[in-house]
Amino acid sequence: MMPTSYEDGHISVSGAGGGSMPGKKPENTAFKQQRLPAWQPVLTAGTVLPAFFIIGLIFIPIGIGLYVTSMNIKEFQIDYTGVDMSSPCYNCSQNFSWNSSRPCACSLPFYLDQPYDSNVFMYYGLSNFYQNHRRYVKSRDDSQLNGNQESLKDPSKECEPYAWSSSKPIAPCGAIANSMFNDTLELFYNDPNGSKVQIPLTATGIAWWTDKHVKFRNPGGNENLPAAFQGTTKPVNWHWPVYELDSDPENNGFINEDFIVWMRTAALPTFRKLYRIIQRKNNMVPTLPRGNYTLEVVYNYPVRSFDGRKRVILSTISWMGGKNPFLGIAYITVGSVCFLLGVVLLIIHHKYGSRNNIAT
Amino acid sequence: STIRTLNKKKEDPHERVDNRTIYIGHQSSLVNEDFIPPKFCDNRIVSSKYTVWNFLPKNLFEQFRRIANFYFLIIFLVQVIVDTPTSPVTSGLPLFFVITVTAIKQGYEDWLRHKADREVNKYQVTVLENGQETPKESENIKVGDIVQVKENETFPCDLILLQSTRDDDTCFVTTASLDGESNHKTHYTVPDIERDLKSLNATIECEQPQPDLYKFNGRMHIYKTNQDPAVRSLGPENLLLKGATLKNTQKICGVAVYTGMETKMALNYQGKSQKRSAVEKSINAFLLVYLCILLSKALVCTTLKYVWQSKPGQDEPWYNKKTQKEKDTNLYLKMFTDFLSFMVLFNFIIPVSMYVTVEMQKFLGSFFITWDKDFFDPEIQEGALVNTSDLNEELGQVEYVFTDKTGTLTQNNMEFIECCIDGFQYKHRGASSELDGFCVTDGPVNKLQQKAGREKEELFLRALCLCHTVQVKESTEQDQREDNLDQVDGLRIDENVLQPPQKERGFIASSPDEIALVKGAMRYGFTFLGLESKTMKILNRNKDVEMYDLLHVLNFDPVRRRMSVIVRSGSGEMLLFCKGADSSIFPRVRQEEVERIRLHVERNATEGYRTLCVAYKRLSEEEYAQADAGLREARLALQDREEKLLAVYNQVETGMSLIGATAVEDRLQEEAAETMEALQRAGMKVWVLTGDKMETAKSTCYACGLFQRKTELLELTVRTLEDGERKREERLHELLGEYHKRAVQDAPPVKAGGTRVCFASNQDYGFIIDGASLSMVLNSSSESNMRSYKDLFLQICQNCTAVLCCRMAPLQKAQIVKMVKSSKGSPITLSIGDGANDVSMILEAHVGIGIKGKEGRQAVRNSDYAIPKLKHLKKLLLAHGHLYYHRIAHLVQYFFYKNLCFILPQFLYQFFCGYSQQPLYDAAYLTMYNICFTSMPILAYSLLEQRISIEDLIEDAALYSENAKNAMLRWGLFLYWTGLGAFHGLVFFFGVRFLFSNPALQDNGQVFGNWSYGTIVFTVLVFTVTLKLALDTRHWTWINHFVIWGSLAFYVFFSFFWGGIIWPFMKQQRLYFVFANMLSSVSAWLVIILLILLSLLPEILLVVLRNPRGPYTRKVQQRYTHVYTSHVTTHARTPTHTLCICFNDVSVCFSRDLVFAC
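These numbers come from a predicted model, not from an experiment.

### Examining the interface of chain B and chain A
Argument step 1. With 143 residues of chain B at the contact, the number on the chain A side is 117 residues.
Argument step 2. Regarding the contact of chain B and chain A, the summed buried area is about 11,100 Å², with carbon and sulfur atoms giving 59% of it.
Argument step 3. When the buried surface of chain B facing chain A is broken down by residue, W318, Y319 and W371 of chain B rank first, second and third, together holding 8% of it.
Argument step 4. With its nearest N and O atoms 2.5 Å apart, the salt bridge here joins R35 of chain A to E951 of chain B.

As structure tokens, then:
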């Protein structure tokens, strides 16, 4: 009956455990007597030293493996922003206008000094492009992209100011979709015999499987997309409506892989996105032999206004992904530090132990 | 507090009136026409706080009064109002959870209170209405009703006893539920009341309700036809309190005087003032630091955001236009909302879950105290009791222990040892005594085989038999054996020689001394048979029954320190017997008698016995008449009754003659000496605060090892002050100066903290002060002197190993505690006591411990923790306290750490996302991090961790001082943890940042986005933070294993689940298959492993470098201590070797050129 004291909204316990009733001896269980059997690890120099050595011995080979793998990955980058006067795309970058009906094209020659043997992955890279800006990241309607009819007709508020255009709902709505990368990149091999061979680029397999097959759905199936998108309008900056992204019905509309790739917002302001895959034809010929190439660009995407850069990256891929020496170096460093610490500790331990012995 | 305000409101109408008038049985004949009967509150008890209607608003208001809750509410509201990066759910959900759980808990408690109230209020009672027994519900009792109560029933309201079925117009009650005292107390009916209550025509005038259980003043006017109204005084002995139980009496009738919320029981329902622990203060300090970090982070981000945006093209590039609304917003308003948004984004750095975890830890942790079987005392069949769980960790921080002597250090189990009659010493020699029970042993006045005259002997023994308030408890048919066992105070007499074997007898008294004395007298042939209708019966040596009329009892009180009875013997002689402390008796007897007895008294006192002097006085008829009149008048006084009574008592108790003195032994508690030694070795300073005599207290101190033989005693008592002719004030000044020089200035500086393994060359000092000297120190005439005296006194005391304060009034005890508490460094104090006189110091100290002793339950009721015996203090402090402190300190540090390294990457990410408040982690992770992923391991740790095993902690008391002065929550360590958190945060963020310099991390060339980035960081974070705790765990029970690995498994499972479904009703499917894709990347795996290891590397390194403490090293250390002690013995004065056993540091070092230092 005694009220438990409660001051300042502070939970305080009065008589925890209901007090001890007279005559009720506390149970003699291991838990209640705080005598649960317990493993009491003693981390001494003796137990940790081997761990240091083992970590060192494991990490250094992994690091070397990673580093070698990374070094073996071939990567070629070419900036086609057109900042310099000398750049072939300078004109396109200068004369940019959203309304121009005639696309601006430029071609960049480049030379690959080594052959690319396995599949080659073609990325486009943007710099100083804040795809991770909060206003940008949230400016999408996943429900619309999932094929929801209501969201198609009534896009989420988050898409503002890219939700409605001339009182029609935008599909796909939002800043991300609106700013989809729309440069067309084509690659030509300048055969030493003088002919210019277009290299076939695969536009599928560049987006996450789950994105393409589950997360992104066209409203009302993949057939008859124009009807499905009836009553909506294209994003302001797009040249074509969403159902004209590709001729292949399995790669059109919301499930267009270029679109899906773009919709996965990048983590950092300098990023790359997978554009095309150059499949290896046969084992005899390298995918991209050594030689001269031309990159044909249909320059639609302006980046100069925010001081951005555009580049094309050709890269082979290993089990660890693209070229990145960081992991290898980090592993080697941590491994060596561990090993060194092990050695230092061993020395200290030796001295320390012997001093103890003298003292005793 | 609610009840208090409620009472105040109800009292209002009466406040102008000091008395209330009650018409017994609502006799209307007395009431004249104009009189409006005063309204009293009904007998309904309301202990509940809420009703169904006001529960929600009131409870919410109370919860949000707490700063933390309020802070989270503000954050939540900001999230709702302002467009913030995280949805309101992230902070709303945890807050809602906390608020709901608390509300449910409180609602449940209040429901229990409602239930209890209902039980009490609907209880069926019998009320006499016009002589008819009418059943009524308890809540309908009105003031003035005559209530009938049967045996073993509790009183439904405060009653004035009118009638009892016992012949001697008394009844017995126990007040176990009020103050826990289970002994039977006698209450008396109002004298001269006619048997027929129906015809009783009387009014009661009494004071307004007040909470003091032991005070009551009133007057009853009895109107009889054709007679002047008779007036009877009413005191606490006439008042039966609500909540007490009727015992040993078949039936009583009483008139209700206070009902419902005005009963003394209801008035005593008051929340104790909340004590806050040092850890809590540290938490608040740390919170402030983190709040500053939070604010500066938000400020830095806001500033940088606007600097960054000022560059052309950054604020609003073509791909990322603002809405019209955003464009229209005022710039400064936008800055402000940006600032708020950053606050919201980083607010997780101050986790709501910490409060929940801390409180769960305290609540659940306190069970271990109640569960501990070592605290179970088979004698009283009780274990330890936890009254508040807020102070668990404070038990590990105690620096000063203030202990009561009687009942705490000693058993309060009195045994009559010897007596001294007329200067001759008598010692009882057990059962083999001679027929007369006496033998004279050699004393300081060794008159071999001499005895005092038989007359004196018998007078002395009669005095012992008469001068007390002991009752004999008969064991009759209605008196069950259980009742006998209930009597804690009752000392059943089993000496068959003196007692007819078939008749079991017990004595009941409020003080065990009295029982010891009566029992002592019995040994010598005088048996007290009992008190029947004011007649005391004594069986004398010749087996004759002597009868004495008990005329007056001049009650004992701690101020007078004596009590008297006035009796009329069979021969008509009026006798006054008085017994009391020597200091209060000696001035009141003839001086020539004093010297003969004083020697005995002092010698007994130094042997640690409690001494009482016995005096008597023959009263002539006139003297008696005068005394009688004075006493009656004083008893009837409504105002200042106490003072008036005291004056009469003092007047009567003069000119007595001393007969003798008694010595009663109060044995030391079990293991008192060991406990004290352990406390001292643990670095605690033990102060004994007692109301007892200096000599007695000193001997107790010697007996329990607080003073050693080599201890030099510094005495500041009335005796030393009265040395010489000078004024006390001067002498005090001189003594204080001298002691200060000896104990403080000349003493080598004592190293603070560290282990107290040796005090080889240090001289031990013990300080003794008595109440009178203390009040001189504290209340010195001049202000400046007072300050300096107080400082001097404190400094002396702090340099003494033990301090004894004797002759202390309860309030002085609290004063001393307060003085030490507020001294430099504000040390943590602990008070331990068992009696009502210790309550003030128990309430004053940081931690108050009650002993479930013999002096009632008041100390237990007011304490924070209650233990059955003093010896339990050792385990409570050394083991439980140490562990609790370690656990909660680690919990607090860990919580701040884990939230710093949680939020730091999010902060760093702002530099890479244009300061746009983009969260790094998904909302689900933000919300669940503290609730699910990382909460259980630390909770399990903070409940189960035993860094050092309990046995070792108890064995090696010095370990306790490792945690002294809040060692684990010092700023240095806090900085270490903060640094660690920052390091981890940096590693997590930049490790992944460098990995993402090429986001093509999958072997099919596909790239990862920002949510993958966050998920990798978060995975590293959860694993590192959990494994860091695993590294700190030194005591892995299956629960730890389950919770640590379970949490990690749960995280993985949850992430799969969360990313495995397209969630309906969710605006964004950010994490769809992000986790699974992450796991399909070898690089992600490798970076996770690498970063976890890199983060933990410094920890592992530190663990190795730090002197480990496992069973192995303990043994090693013990060996060293052993070696060391042998060094002490052999090279005591010429130390050539030194061992520094550094518990906290890297090494155990030995060097030959240093002097002993510990």
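Anyway, onward from the coordinates.
### A look at the UniProt feature "active site" (unreviewed entry) in chain B
Residues and elements named next belong to chain B.
Argument step 1. Taking the UniProt record as the reference, the feature "active site" (unreviewed entry) is found at D404.
Argument step 2. Look past the residues within four positions of D404 in its chain and what remains in contact with it is L409, L689, T690, K813, I832, G833, D834, D838 and M841.
Argument step 3. Reaching out from D404, the side chain makes a polar contact with the side chain of K813 at a distance of 3.2 Å.

### With respect to the packing of aromatic side chains
Argument step 1. Under the criterion given, the structure shown has 93 aromatic pairs over all chains.
Argument step 2. Where Y189 of chain A meets Y293 of chain A, the ring centres are 4.9 Å apart and the plane angle is 50 degrees; that geometry is what we call tilted. Placement of the pair is Y189 of chain A in strand 6 (residues 184-190) and Y293 of chain A in strand 9 (residues 291-299), with a sequence separation of 104 residues. Side by side, Y189 of chain A and Y293 of chain A carry an identical accessibility label, which is buried.
Argument step 3. Note on F367 of chain B and W371 of chain B: the rings are 5.4 Å apart at their centroids and 35 degrees apart in plane angle, and the pair reads as tilted. Of this pair, F367 of chain B and W371 of chain B are both found in helix 11 (residues 367-371), four residues apart, which corresponds to roughly one turn of the helix.
Argument step 4. A residue is classified by how much of its surface remains accessible, and F367 of chain B, at 16% relative accessible area, is buried.
Argument step 5. Above the face of the Y299 of chain A ring, K310 of chain A is positioned so that its terminal group lies 3.5 Å from the ring centre.

### Overview of the nonpolar core
Argument step 1. Counting residues in each nonpolar core, the largest one holds 195 residues, and the members touching the most others are L185, W262, L295 and L314 of chain A together with F996 and F1018 of chain B.
Argument step 2. Looking at which element gives the most residues to this core, the answer is helix 29 (residues 872-910) of chain B, with 17 residues.
Argument step 3. In terms of domain composition, this core takes at least three residues from each of domain 1 (46-73 + 322-346) and domain 2 (81-316) of chain A.
Argument step 4. The contacts of L314 of chain A, once residues within four sequence positions are left out, are K74, E75, F76, F110, Y116, V120, F121, M122, L187, I278 and L288 of chain A.
Argument step 5. Counting 50 residues, the second largest nonpolar core, distinct from the first, contains V386, L395, L944 and A957 of chain B.

Cut-offs applied
Counting restarts for each chain, with residues numbered from 1 along the sequence as it is written. Throughout, the order in which chains and ligands are written sets their labels, letters from A for the former and numbers from 1 for the latter. Owing to the predicted nature of the model, reporting of local features is limited to residues with pLDDT of at least 70; listing and counting of side-chain atom pairs is limited to 80 or more, with chain, interface and lining totals taken over all residues. Excluded from the side-chain calculation are hydrogens and water; included are all heavy atoms of the structure. Throughout, a residue-residue contact means that at least one pair of heavy atoms, one from each residue, lies within 4.5 Å. In this description, buried area is defined as the sum, over both parts, of the accessible area (probe of 1.4 Å) that is lost when the two are combined. By salt bridge we mean one thing: a side-chain nitrogen of Lys or Arg within 4 Å of a carboxyl oxygen of Asp or Glu. UniProt positions are given in the numbering used here, feature names are shortened, and annotations may be inferred rather than shown by experiment. Under the rule applied, a polar contact is a pair of N or O atoms within 3.5 Å (in protein, one hydrogen donor and one hydrogen acceptor; residues adjacent in sequence only if both atoms are side-chain atoms). Here is the rule: rings of Phe, Tyr and Trp (six-membered ring for Trp) pair when centre to centre is within 6.5 Å. Planes less than 30 degrees apart are stacked, more than 60 are edge-to-face, and the remainder are tilted. In this description a helix means any DSSP run of H or I spanning at least four residues, a strand means any run of E spanning at least two, and both kinds are numbered starting from the N terminus. Each residue is placed in one exposure class: buried if its accessible area under a 1.4 Å probe, protein chains only, is under 20% of its type's maximum, exposed if it is over 50%, and partly exposed if it falls in between. A positively charged side chain is recorded as over a ring if its NZ (Lys) or CZ (Arg) lies within 6 Å of the ring centre. The angle to the ring normal must also be within 35 degrees. Put simply, a nonpolar core is a bunch of buried Ala, Val, Leu, Ile, Met, Phe, Trp, Tyr and Cys residues held in one set by side-chain atoms that sit within 4.5 Å of each other. Either an automatic procedure or a domain database provided the assignment from which the domain bounds are taken.

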